[in-house]
Amino acid sequence: MGLFVLRRLGVMLLTALALTFVVFYLTNLQPNLEKLARTEGSVRMTDQAVQDWIAQNGHSGSVFARYGQWLGIVPGWTYTDEKGQTRGRCFEIGQDAASAPSHCGLLQGNWGFSTFFKKPVAESLVGKLAATGWLMLAVMLVMVPSSLLLGVLSGMREGSATDRTLSTFSIASTATPEYVSGVILVALLATAATGISPILAEYGLIEPKKTLFLASATSAMDDITFWNFSLPVLTIALYGIGYIARMTRASMTEVMTQQYIRTARLKGVPFRTVVMRHALRNALIAPFTVIMLQFPWLLNGVVIVESLFNYKGFGWTLVQAASNNDIPLLLACSVVAVVVVLLTQLISDIGYVFLNPRIRLT
Amino acid sequence: MDTLTWTGTAGRVLLPALQVASIALAVALVAKLLFVLARLDGPRLPGPDGTTTARSPGDLASLAIRYSFFAALAAIFFMLVAGAVMPSPVGAGILGAMAIRFWPVWLALSVTFVVSVRFRRKLGLYGKLFDSTVGMIGFAIVMFWVFTAIFADVIITHDPFIQLSGLKNKPPGIAAPDSPYGWYLLGGDLLARDVFSRMVMGAREVLKIAPAATMFAFMVGITLGLPAGYFGGRLDAFISFLANLVLAFPVILLFYLLVTPEIRVTGIPVVLAALLFIFPIVFLTVLWNSRFHTDPMKRNRYVGVTLVLGLWAYSGLAFNMDPLGIWSMQPNMLNVFVSVVFVNSPGVFRIVRGLAMDIKTRDYVAAGQTRGESPWYIMLWEILPNARGPLIVDFCLRIGYTTILLGTLGFFGLGVSPDSPDWGSTIDDGRKLLNLFPHPALAPALALMSLVLGLNLLADGLREESLKD
Amino acid sequence: MTASDTWDPSQPILEIENLSISFFTRLHEIPAVMDFSCTVMPGEAMGLVGESGCGKSTVALAVMRELGKTGRIVSGSMKFKGRDLALMNNEELRHIRGSEIAMIYQEPMASLNPAMKVGAQLAEVPMLHSGMSKADAWALARQIVADVRLPDPDRIINAYPHQLSGGQQQRIVIAMALMAKPALLILDEPTTALDVTVEAGIVDLVKELGRKYGTSMLFISHNLGLVMDVCGRICVMYSGEAVETGSVTEVFDKMRHPYTQALFRSIPLPGADKNARPLISIPGNFPLPHERPRGCNFGPRCDYFEKGRCDETDVPMAHVPGGDRHDSRCLRWSEIDWAAPPAKREVKQKARIGEVVLKMDDLRKYYSVSGGAFGGGTKKVVKANETLSFEAREGETLAIVGESGCGKSTFAKVLMGLETATSGSIMLFDENVQSTPIQKRNTDTVSQVQMVFQNPFDTLNPSMTVGRQIIRALEVFRFGASDADRRKRMLELLDLVKLPRAFAERMPRQLSGGQKQRVGIARAFAGGAKVVVADEPVSALDVSVQAAVTDLLMDIQRENKTTLLFISHDLSIVRYLSDRVMVMYLGHVVEMGTTDQVFAPPYHPYTEALLSAVPIADTRVERKRIVLEGDIPSAMNPPPGCPFQTRCHWKSRVTPAGLCDREVPPVQMLEGGHQIKCHLSREVLATMEPVIKIAAE
C-alpha cells in the first residue's frame, strides 16, 4: 500500500512539473512578454526598447532557466544597469545584492508580484481561495447527497416510472452548462422583469422592483446569506448532479442485475435490505471516483459562475489574471488548480482501493 | 403596428387550457411523490387467475401525470399549429410566427422521419433508433437544429448584424416599423439587433465546428488509443501519461492559455494543427494498407487517393497553403478548432484504449494473430468495428460536450469575432444586463440547452438500442 | 404459520402440474416452458437434464418465482408442501425463499457479494428467517462452514469471496443454502464452472449432505453422468417440454423416448471408437422458441418420425407401464423396437499414421510477473511449461489433457508463435520455430499451423460476414490469383464443413454455436493446415452438436492427413478420438502414452484421480471413487518437489518418505513408450487397479 501511494505521488509530482512547465511556457511566450513590457514600461516604447526591457527584467534567456528560477532551483537573475545599480529577482534596487538570497522561487515561498492587484501574489490569492472554498463546500454539500440519492433511487428499479422521471431530469441537467443554467435561474428567480419575482411583488410578498434572489453574489464575499448564495451554488451543482446521478444510476443498475443480488433476494432478504446492504456499497465505488474526478469540471464551473455572479473568488481572479496578462498571478492560479486536481485524483485512487475489498486484499 | 402577444388569437382559449393542464400536472406529481413515500404505490400485477387487482393510489397518480402532461403538450402543439395557419403574425402571436418561419425545418423533419420509419428495418442501428421513444425525441431535436443551420438564410427575419434604432433591449414581439418583416420576434439585444435571427444564425456557427472538431478528436483518439490498448506496456504508459496531463488541466485554464491573440502570433496553433490534422490521413492510410496489402494494386489505388485528397486538404487547413485556394480556415477559427480537438482527444483516447483492452482478449483476435495478420489490421478491422456501439454513443455525447465547450469559449469572448452570433458570445453579451433584460441571453441559452439535450437523448436511445443485440 | 404445520410428510415436497411459462417482449409472447409436470418426494433427488435453451433453468427460477419482469407463469400450478407457489404474495414468498427452498448457482464467484465477508453473508440467513442473534448466527455459520469440509473455518468466515478459490466459493454457496436447513434444494449446474477433480468433491459433498439432512433436491445439469451420480430420478427436457421422466436406471437402460435414445447415442461412452463405433449425432438444429414445429417438437430430428401423425397434434405425456412413475412424451413409444441397434453407423477406415511433423524438445516457457496488487514488489517467475518433450506424426491425434492452470493454453500459444519459448526447440517440418514469433514466420509455416478455438460465440468477428472471414484467411495465405478464385474456394470450404453455401452472406449472430464452430474449422483449414491445434473445440457446445462437430473434425483430418493436437479436459471425448494422450499438471507432463496405455493401469496418480472424477452416463460402469483434497495449486506459487504431491493419494507409498516434497520426479519409461513422471517404483505402479470397470452385459 505504502509503495502504491509512493508511486502515485511520484507520478503526481512529474505531472505537476510537466503541467506547470506547460503553463509557464505558454504564459511567457514572446508576445505576452512584449505586451507586459508595454504595460509595465510605456505603450509607446520602440521595439528595441521592448527587447531591452525584456532582457533587463530577467525575461530573456532559455525558458528552462526561467522556469527553474520561478521554481526556485536556479539562482534568480540579476542585472546591473549603466548606473551601476543592481536589481534582480530576489531583491529591489538599493537592497544589498550580497545579503539577498540567491534562490527565490516557488520552493522558497516566493510566488511573485501580481501586476494586476499590485501586491504579492500569495497575499492576493489567499482571500480569494477562501471565498471559493466556501462556494465549493456549499456545492459539495448540495451536490453529493442529492445526486447519489437521485442515482440510487432511479437505478434501484430500472425502467420504472421513478427511474424514467429522474433520468430525464439528470439528462436535462447534464445538458445545461453553468452559463445556461445561471442565465435561466436568474431569469426565473432574480430579475424584476420576468420569472416569479414580479408575481411575488404583485401579491406584495416582496417589495416592488426587488427580486427574490440576488443576481449578484458580490455581497456574499462579506456575508453569505441564502438569498445571495443559492443561485451560484445551485448553478454549479446542477450540472454535477446530473452527471454524478447518471453515473450512480448506471452503476446501481449494473449491480442490481448481478447474480449476488439475485442470491440475496432468493435468500429471502427484503428488497429494502437488498438495496441498502447488498447493492449500495458495490454501487457507490464507481461514483466515488467520478465525484473526485469531477474537480477539474467543478473548477470550470467556479470560473464561469464567479464571472457570471460577480463573486470575487479564485475563478474570478483567474479570469482577471488571464485577461490582464498578469503572468505571476496566472501561474499561481494554475499551480493551485493543478494541485487541487492531482490531489483529488490521488484521493480517488486511494479511496477506490479502500472501498473495493477485491483490490485491497489481494 | 402592434406589439405581438406570445400566443396571438388562439392563445385566448389555449393559454388557460395550458395553465389548467400545468397545474394538474404539478398536483399529480406532488401526489405521486407523497403516495410513493406513504408506500401506497403497489405495482399492478395480474394475479395468476387472470384477474387484475385494484389500482393503487400511486397508480392513479401516475395516470393523472400522464394525462395532464399530454394535455399540456397538446395545448402547446395546437398553439403552434394555430399560429402557423394564421395569416398574419398579429393573429399568430410570437410562437405561431416563429413556427411559420421554421417551415423548411418542419418539412425536412417530416420527410426524414417518414422515410426513416418506413425503411427502419433496413437501416441497422440508425433504423433501430426509431424503436426507442427517447432516441426519436433526441434525434428530432438534433435534426431540428441541423436543418435550422442548413436553412438559416430562409428562416431569419433580419440580417443578424443589422441594428435598428430604437429597438435596443426591447422585449419580444416588438414592432420594427423600419424593417420589411415588421417585428422583432424575440426582441432586440444590447445593440438593437434581432435576437431571433441571431439565435438561428448561431445554430449555424455552432454546427459548423462542433461535429467536425469531434470527428477530428475521434481520429486522434482512435489512432492513439488502439495501439495503446492493444500493445500495452511502455507505449501505453507514455501516451496515457500525456492524456492524463491534458485531462488534469481545468478546461478554462487551457483555453485561456491556448486561445489568445498572442499565441496566434507565435504560430503554436499552426504547429498543433499540423500535428492533429495529420491523424486522419495516417488513420486512413493505415486502414487501407493493412486491409489490402495482399493486393498491391488495390492498396496503391486506395492509399493514393487518400494521400492526394488528404494532403491537399491538409496543406490548406493547417498551413493555409492550398494551391487551389479551396481549403482554408480563418486564423482565429483554426485556433478555436485546434484547441477544442486538443481538449477532446484524450477523452476519446481513454475510451478507445479501454475498449481495445477488452476486445483484444477475444478469440477472433487470436484467430487473426494465428493467421499472421499485422497488428494494425487486427486493431482497425477486428477490434474497431466491434467497438463501434460505445463509440457512436460517445460521439453523440461528445458533440454535445463540444457544443458546451464552444459556448464556454464564446462566453469568455475567446477566439470569436466580437459580433459573432454564436450562442456562447450572445449569452455573454446578454448577461451584462441580465437582471434587467433577460431575453437576449435567454434565447441562445435555451437553444444551446435543447441541442445538447437532444444529443444526450439521442445517445441514450442509441445506447439502449445497441445493447439490445 | 408455515406450511409444514399442515403438511403430510408422505406427500410430495414439490408438485409441479402442467406448468407453462412465457417471456413477453414488446411484440411477442415467447413460450419457454410448456405443460411441464414433475413431482419431487421428500428426500428424493430429481435430475433435470437437457440441452441449453430447453427451459430447465426457467423451471428452477419459476419455483423460486424469480422470472424477472418479462417472465410470467401462464398456467399450471407449483405446489410446495401443498401450497401453490404461484399464488403466493411477495411477503409469503420471502419467508419461503432461503428458509424452505434454497438455491445453488452455476457461477459461485458471481453469486457471492464481493464487498461482504463470507460470514456475514451466511449469518444473514438465520438472522432473517429465525430471528437468531448475530453472535449465534455467526457461530452457526462457522459450524456449517466446517460441515461443508472447508479447512480453517475461522479464517474463511472472515474472508471476502475473492480470497477463496472457485471450489471453496462453491462450498460457501452450498453452506449458505444449508444455513436454514431447507426442505428443497435447487442446484442449477452447480459444478459447470469448476474443474473435474474439484467437481468430484462438490458432488460427493452434495450427496452426503442430502442424506444427512434429508433434503430433497432438484438438480439441473446438462451432464447425464453427473445426474446419474447424484439423482435417483430424472426428467429429460427438450425444447420447453419434459419428454421423458422416470427413475435414473429405467431412463438410462430402458429409455422410451427417441430424444433420450439419440442423446445417449451421441455421447462418448466407454467402448465408443471413432473408427469402429462412431458417435451418432442428432441431425438438424434445436428449434428456436418461436420456430417450434407443429405436433412433436422433436419430430423433425427424429428417426421414428411418422408424417401425418407426429406433426398433427400436441403430444401428451404417456405412462410407460412396468416402471416406477415412468412417462414418455411420444406417440409411438410402444411401437418402436428399442433394443434394435442403430442403423446408419458407418465404419470408417483408420487413418495411417505417417512421418513426424512436429517435435518438441525440452521446451520451457517461463513468465515473469510482478507480485502484489499495487505493482512493484518482487518479480515472480511463473513456470507455465516445464521440460515439454514429445513428437506428433502426420494423421495422428494427440490429446493434451489437463485442468485449469496446467499450461496447455500456454503450450498452444508457443506453438502458434504468439509467444516465444524460453528454451528448448520446436521442430516443425525440419524447421526450428522455437524463437520465431508469428510475425517473422513465412506464410507457408503460418498457414500450416492453425487453431480452432474454444468459445463458438467468440471465435468469429461479429461484424463481418462468414464468407468474408474465410476469404480473408485465404487472402492472407496468398491463396488464388483473383477474388473470384478465393470466393470459389470459400464456397468449397463451406461445403467441406457441411454448411449451406448461403451462409457465406450471413452474419455470425445468425448462426448457432455448432455452425459457428464449423466456420471456425473451415477458416483453420483454409490454407491447407497440416497441424491443427483444437483448444477444447466442443466443450462449449451441447452434447448432440458435440458429436457432429467432433466427427467433422475427424473426417477432415482423415482426408487431409492432418496432425491434430486436441486440448481437452473431457476424458470421455479424449478416449473416443485420440491416438495418443499427454496428461499435464501445473506445467509438467505427468503421463504420456497411447490412449490404451493411459486409460489402463499403471496410472500416474493424477491420471487415476482424473479418470475417477469424470462422471460416466452408463449404469454398467463401476468407478473407483478417488476424491482429491483441496484445489489445484496456483501456477504462481507451485509446491516444491513433485507438483502433485499436495493432493496425491499415493504419496505414502513412495520410499524414501519425503522424496516427493523435495525432488521433481524423473520420467519413467515403461514398456511401449509409456511415460510416467512419478517417484513410485515400478512394483508399486504394477499393483494399481483399473478405475473403470464395465460390468459384463
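Residues numbered from 1 in each chain as written. Chains lettered and ligands numbered in written order. Predicted model: local features only at pLDDT ≥ 70, side-chain atom pairs only at ≥ 80, totals over all residues.

Q: How should I be thinking about the environment of Tyr181(B) in this particular structure?
A: Residue and element names in this part refer to chain B. Secondary-structure assignment places Tyr181 in the loop between β1 (174-175) and β2 (183-184). Taking the number of C-beta atoms within 10 Å as the measure of exposure, Tyr181 has 16 and is therefore partly exposed. Spatially, the C-alpha atom of Tyr181 lies 10.0 Å from that of Ile156, the residues being 25 residues apart in sequence. In this structure Tyr181 touches Thr157 and His158, once residues within four positions along its chain are discounted. (Helix = DSSP H or I, 4+ residues; strand = E, 2+ residues; numbered from the N terminus. Buried ≥ 20, exposed ≤ 12 C-beta atoms within 10 Å, placed from the backbone. Contact = placed C-beta atoms within 7 Å.)

Q: Would you mind showing me how to read the interface of chain B and chain C here?
A: Each partner contributes to the interface: chain B provides 15 residues, whereas chain C provides 24 residues. Across the side of chain B that touches chain C, the residue classes break down as 5 nonpolar, 5 polar and 5 charged. (Nonpolar A, V, L, I, M, F, W, Y, C, P; charged D, E, K, R; others polar.)

Q: When you look at the domain arrangement of chain B in this model, what are you seeing that I'm missing?
A: Note on interface size: it is often stated as the accessible area lost on association of the parts. With domains assigned, chain B is organised as domain 1 (1-98) and domain 2 (210-415). Put simply, the middle of domain 1 of chain B and the middle of domain 2 of chain B, counted by C-alpha atoms, are 46 Å apart. (Domains from an automatic or database assignment.)

Q: What is the right way to read the interface of chain A and chain B from this model?
A: Between chain A and chain B, the contact holds 43 residues from the first and 37 residues from the second. Counting only elements with at least two residues in the side of chain A that touches chain B, the list comes to α1 (2-27), α2 (30-40), α6 (161-174), α7 (178-189), α12 (295-308), α13 (314-323) and α14 (327-355) of chain A. Split by residue class, the side of chain A that touches chain B holds 31 nonpolar, 11 polar and 1 charged.

Q: I'm lost on helix α17 (residues 388-411) of chain B in this one. Help?
A: Residues three or four positions apart in an α-helix share a direction because the helix packs 3.6 residues into each turn. The terminal C-alpha atoms of α17(B), which comprises 24 residues, lie 34 Å apart, in line with the 34 Å expected from a rise of 1.5 Å per residue. The buried fraction of α17(B) is high, at 18 of 24 residues. (Expected span 1.5 Å × (residues − 1).)

Q: Could you clarify how one ought to interpret the packing of helix α5 (residues 121-156) of chain A against α6(A) in this entry?
A: Helix-helix packing is characterised by the crossing angle of the two axes and by the distance between the axes. All names here are of chain A. In the contact formed by α5 and α6, the axes pass within 8 Å of each other and the chain directions differ by 140 degrees. It follows that α5 is oblique to α6 by the angle criterion. You can see that α5 and α6 cross each other, and the crossing is left-handed. Residues Leu150, Leu153 and Ser154 of α5 pack against Thr162, Asp163, Leu166, Ser167 and Ser170 of α6. A class-by-class count of the residues in the contact of α5 with α6 yields 3 nonpolar, 4 polar and 1 charged. (Axes fitted to C-alpha atoms, helices over the stretch in contact; angles between N-to-C directions. Parallel < 35°, antiparallel > 145°, perpendicular 65-115°, else oblique. Left-handed = near helix turned anticlockwise from the far one by under 90°.)

Q: Teacher, can you tell me more about the packing of α5(A) against α13(A) here?
A: Residues and elements named next belong to chain A. The contact between α5 and α13 brings their axes to 7 Å, and the two run at 135 degrees. Regarding the angle of α5 to α13, the classification is oblique. Contacts between α5 and α13 pair Leu125, Lys128, Leu129 and Thr132 from the former with Phe314, Gly315 and Thr317 from the latter. Tallied by class, the residues present in the contact of α5 with α13 amount to 3 nonpolar, 3 polar and 1 charged.

Q: I would appreciate a short explanation of the confidence of the model for chain A in the present structure.
A: When pLDDT drops low, the exact placement of atoms in the prediction is not to be read closely. Averaged over every residue, the pLDDT of chain A is 84; the share at 70 or more is 98%. Within chain A, no element has a lower average pLDDT than helix α15 (residues 357-360) of chain A, which sits at 72, and none a higher one than α13(A), at 90. (pLDDT = per-residue confidence, 0-100.)

Q: How should the sheet that holds strand β2 (residues 29-40) of chain C be read in this particular structure?
A: Residues and elements named next belong to chain C. Here we have 4 strands laid out as an open sheet, ordered β2-β1-β4-β5, and antiparallel in their pairing. Sheet topology places β2 and β5 (83-84) at the edges, where each strand pairs with a single neighbour. Pairing geometry for strand β1 (residues 14-24) and β2, over 8 bridges, is antiparallel. Pairing of Leu14 across the sheet is with Val40, part of β2. (Pairing = 2+ DSSP bridges.)

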